[in-house]
Amino acid sequence: ILFILATAGVKGFAFVLGIGTLVSFLTAVLLTQAVLGLASRSRLITHPAARGAGQRSHHWWQSFDFMGASKWFFSLSGVILLIGALAVGGKGLNFGIDFESGTRMKTALVRPANEDGVRSVLAGAGFSDAEIQRLSGKEVAGGNGFQISTTTLTEGQRTTIQQDLQKRYGVRSFNFDTIGPVFGQTVARSALVAIIASLIVISIYIALRFEWKYAVPVLIALMHDLLITSGVYALTSREVTTSTVAALLTILGYSLYDTIIVFDR
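Overview of the structure. (Residues numbered from 1 in each chain as written. Predicted model: local features only at pLDDT ≥ 70, side-chain atom pairs only at ≥ 80, totals over all residues. Heavy atoms only, no water.)

1. A word on the side chain of S149
Structurally, the position occupied by S149 is in strand 4 (residues 145-150). Assessed through its relative accessible area of 10%, S149 is described here as buried. For S149, the contacting residues outside a window of four places in its chain are T103, R104, A130, E131 and E239. (Helix = DSSP H or I, 4+ residues; strand = E, 2+ residues; numbered from the N terminus. Buried < 20%, exposed > 50% of the residue type's maximum accessible area, 1.4 Å probe, protein only. Contact = heavy atoms within 4.5 Å.)

2. Brief notes about helix 3 (residues 70-90)
The terminal C-alpha atoms of helix 3, which comprises 21 residues, lie 30 Å apart, in line with the 30 Å expected from a rise of 1.5 Å per residue. Buried within helix 3 we find S77, G84 and A87. Viewed along the axis of helix 3, the buried residues span an arc of 85°, placing them on a single side of the element. Away from its buried face, by an angle of more than 90 degrees, helix 3 presents the exposed residues K71, W72, F74, L82, L86, G89 and G90. Contact partners of the buried residues in helix 3: helix 7 (215-236). Positive phi shows up at G92, right after helix 3, with a value of about 80°. (Expected span 1.5 Å × (residues − 1). Arc of directions from axis to C-beta.)

3. Details of the nonpolar core
L109, V118, L122, I132, I148, I161 and L165 are the most contacted members of the largest nonpolar core, which totals 17 residues. With three residues, the top contributor of residues to this core is helix 4 (residues 115-124). Excluding its chain neighbours within four sequence positions, the residues that come into contact with I161 are M105, L122, F127 and L153. The next biggest cluster of nonpolar side chains, apart from the first, holds twelve residues, and it includes A6, V10, A191 and A194. (Core = buried A, V, L, I, M, F, W, Y, C linked by side-chain atoms within 4.5 Å.)

This is the structure:
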């Protein structure tokens, strides 16, 4: 569903997830049986300790009453959810140009720089409202990199910014991409439709596999994990891109997997 309905990074996520599911199925079913078949012929597997029947040390979590302390866990989770909800409702999410029109530039500078220095250069060029973010790791070639997000720029405006940065810090690399409002709206709408359609199909599967009432706590668990992650993004003002959507889908996938495993047991 994600691959058919979604676009951009979400479609790529769905493709990789499909390959991973097939590979996991082959390794879990075929490879595991083959390994156990070979191990059953050796003396190692016949030892009681290899089957978990040896002496075991006692740990505190084996006697801790987790269900008795559930009210504390629910309270802690509720506080985290409240903070996340207030952050999303108050500060809102910092949607990148993948969802809103604009120009994103990534540049690696020769001389050391910080966000305030780059912002002053842009202010001098007439773009004081630009968002500046330092890039870490290998996000930009050569290090000392920055990402600049602004409203849609013309070729002349991009050239002016590049020249001003060159004069002040020296430019090792400079690249950009521009997203129009129609494309951004299409990405956001297709991602939302794909996620909703996926959740509906998941609910139908759970209702058939277990009982219909099991679908309710699954959806609550998914929304719980999604709100916590969204709250972190709102609190830290991290940019939300299509890669963020793919990351959220990954979190939801693990949350769903764990929940269904518990139900199955």
